[in-house]
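Fold and contact review
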Amino acid sequence: MMRTAMIAASTVLVALGLVVAPALAQRDPAYAAARAEGKVGEQADGYLGIVGPADPVLQRLVDDINIKRRAVYAEKAKENNVTLEAYALTAGCQAVLRTVPGEKYRAPDGTWHTRTSAPPIRDPRCP
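Quantities reported herein were computed from a predicted structural model and do not represent experimental measurements.

Right, let's get into the overall build of the chain. Of the regular secondary structure elements, the chain holds five helices and four strands. A total of 127 residues make up the chain; the buried ones form 43% of that total. Of all intrachain contacts in the chain linking residues separated by at least 6 positions in sequence, the fraction that spans at least 24 positions is 53%.

Right, dumping it as structure tokens:
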């Protein structure tokens, strides 16, 4: 059942060309700086994570982005009759794939990696 929901969510993402993070977060200079500095990274669960110690400003930034992502995921999951978790996982898998060399992502074992020219280490649940 979960696998079917993930496949359905994946199909919807690809078919509609959905953007994982809200456009506003992508344009936020603080977000761009934190990403470029390796302070934040993508996770397969669909949410942004903090790499290393977090200061209150960075924590608020990540929390804000993740709240916005969750709202988008909830809306899209409902529209497509899949669970929030399945939709978020599919979106997270796509976000990890879209990282570019130098950006951080979390591997399935929980460790943070810096993306190289090689493909990222993917969560086995990714469609």
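So much for the structure itself; the text now carries on.
When the terminal C-alpha atoms of helix α4 (residues 56–79) are compared, their 35 Å separation across 24 residues agrees well with the 34 Å that a helix rising 1.5 Å per residue should span. Two or three places before Val 57, at the opening of α4, Asp 55 has a side-chain oxygen 3.0 Å from that residue's backbone nitrogen. Asn 81 sits one or two positions beyond α4 and adopts a positive phi of about 55°.

Turning our attention to the packing of α4 against helix α5 (residues 84–97). Two elements in contact, α4 and α5, have axes separated by 9 Å at closest approach and are oriented at 115°. Once α4 is placed against α5, the crossing between them reads as right-handed. Along the contact surface, α4 presents Arg 70, Tyr 73, Ala 74, Lys 76 and Ala 77, while α5 presents Leu 84, Tyr 87, Ala 88 and Ala 91. Here the residues of the contact of α4 with α5 are counted per class, giving seven nonpolar, no polar and two charged.

As a further point, take α5. Taking 1.5 Å per residue, 14 residues should reach 20 Å; α5 reaches 20 Å between its end C-alpha atoms and fits that length. Counting buried residues along α5, eleven of its 14 residues qualify, which places the element largely inside the surrounding structure. If you check which residues of α5 are buried, you get Leu 84, Ala 86, Tyr 87, Ala 88, Leu 89, Thr 90, Ala 91, Gly 92, Cys 93, Ala 95 and Val 96.

Turning our attention to the state of the cysteines. Considering all chains together, one arrives at one disulfide under this definition. Across the disulfide, Cys 93 is cross-linked to Cys 126 (sulfur-sulfur distance 2.0 Å). Of note, the bridge from Cys 93 to Cys 126 carries an S-S torsion of about -85° and is left-handed in sense. Here the residue Cys 93 occupies a position in helix α5, and Cys 126 occupies one in the segment after β4 (112–114), the gap between them amounting to 33 residues. Like Cys 126, Cys 93 is buried.

Thresholds applied
Residues numbered from 1 in each chain as written. Predicted model: local features only at pLDDT ≥ 70, side-chain atom pairs only at ≥ 80, totals over all residues. Heavy atoms only, no water. Helix = DSSP H or I, 4+ residues; strand = E, 2+ residues; numbered from the N terminus. Buried < 20%, exposed > 50% of the residue type's maximum accessible area, 1.4 Å probe, protein only. Contact = heavy atoms within 4.5 Å. Expected span 1.5 Å × (residues − 1). Polar contact = N/O pair within 3.5 Å; in protein donor to acceptor, adjacent residues only side chain to side chain. Axes fitted to C-alpha atoms, helices over the stretch in contact; angles between N-to-C directions. Left-handed = near helix turned anticlockwise from the far one by under 90°. Nonpolar A, V, L, I, M, F, W, Y, C, P; charged D, E, K, R; others polar. Disulfide = S-S within 2.5 Å.

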